[in-house]
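Structural features, examined
Here is what each chain is made of, one letter per residue.
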Amino acid sequence: MTGSSRGIGAATALALAGDGWHVRVNYRSDEAGAKEVVSRIESAGGSAALWQGDVADADDVRRMTEPGDDGPVLVLVNNAGVRVDNLSPSLTDEDWATVIDTNLTSTFRATRAVLPKMMRARFGRVINLASVAGIRANPGQANYSASKAGVIGFTKTVAAEVARRGVTVNAVAPGLIETAFTEDVLEGDMAKAIPARRIGTPEEVAACIRFLASPEASYVTGTTLTVDGGLSA
Ligand code: NDP
């Protein structure tokens with residue numbers, strides 16, 4: 001579970017632990033947040049461990065996805081993500097690379113690492129965090145939307161490659177969700193543009209990821225589930 005020290009990742013870690021999964025709670029720098037997630041999981045009777053590592057670093061991804069005492073990774077949630085917004089003419093190479101490496105390349109590397117064991121087990125779940133910004137225009141986010149559209153394309157193709165082995169690969173595309181990620185943009189009457197007339201919660205996204213990770217979702221693969229209160233409808 002990448003990027004699970006707060007926000008959607010933290011809510012998903014709690015939900016998956018509630019379903020009996022041991023959760024690797026990954027974070028890059030927010031150690032206090034990650035420790036709190038582990039302790040909340042343990043107080044609820046679940047099992048979790050801290051996994052520090054930068055998903056934009058190939059060696060860290062390799063280490064975080066290797067089988068350990070907790071067994072092979074059979075459910076992978078590629079959630080860690082960043083945004084560095086600017087209008088396209090002003091985006092620097094660094095703004096571009098940071099967002100593509102963190103959001104898209106990490107998803108490829110982690111998925112590549114865990115698929116062989118999933119296919120051998122004839123069970124696996126890969127759930128990738130996309131975004132409504134990967135589906136429709138969001139001026140000022142060309143790098144971010146390219147990364148998330150890439151996640152959607154990657155998800156579909158890998159899903160078709162591994163479907164016969166009992167492994168499903170899906171994306172979840174949130175709209176506006178109340179987390180640290182959006183606190184600088186959530187202001188005024190933004191909710192008016194959303195058919196549901198409100199911002200979503202991390203728990204509402206986590207519930208969808210939980211379903212996609214469950215045995216009940218065994219025939220759902222290659223899809224992108226929007227969780228956006230109707231924003232992209
Ligand atoms: P938050 O900023 O609240 O949380 C991001 C998490 O990712 C943190 O745990 C952060 O930990 C971790 N993280 C960031 N970069 C790295 C890295 N390089 N390596 C490891 N961990 C990292 O974001 P959200 O929960 O809101 O977003 C989660 C995902 O959902 C993202 O992929 C985002 O693009 C997507 N999304 C969110 C939407 C929203 O409205 N909130 C809308 C659409 C999509 P640390 O601080 O330690 O780095």
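For the structure given in this document, a descriptive report is provided here. (Residues numbered from 1 in each chain as written. Predicted model: local features only at pLDDT ≥ 70, side-chain atom pairs only at ≥ 80, totals over all residues. Heavy atoms only, no water.)

Before going further, it helps to examine the sheet that holds strand β6 (residues 224-227). What the four strands build is an open sheet, ordered β3-β4-β5-β6; its pairing is parallel. Unpaired on one side and paired on the other, β3 (75-78) and β6 mark the two borders of the sheet. The average undirected angle you get between the axes of adjacent strands in this sheet is 20°. Judged from the four bridges that link them, strand β5 (residues 167-174) and β6 form a sheet pairing that is parallel. Residue pairing across strands places Ala 173 opposite Thr 226, the latter belonging to β6. (Pairing = 2+ DSSP bridges. Helix = DSSP H or I, 4+ residues; strand = E, 2+ residues; numbered from the N terminus. Axes fitted to C-alpha atoms, helices over the stretch in contact; angles between N-to-C directions.)

The next subject is the nonpolar core. Looking at soluble globular proteins, one finds that nonpolar side chains tend to be buried together. Core analysis: the largest hydrophobic core is formed by 26 residues, its most contacted members being Val 23, Val 25, Ile 41, Val 77, Val 205 and Ile 209. Residue assignment for this core shows that the elements contributing at least two residues are α1 (7-18), β1 (23-27), α2 (31-43), β3, β4 (124-129) and α6 (202-213). Counting residues in hydrophobic clusters, the runner-up holds 18 residues, among them Leu 76, Met 118, Val 126 and Val 158. (Core = buried A, V, L, I, M, F, W, Y, C linked by side-chain atoms within 4.5 Å. Buried < 20%, exposed > 50% of the residue type's maximum accessible area, 1.4 Å probe, protein only.)

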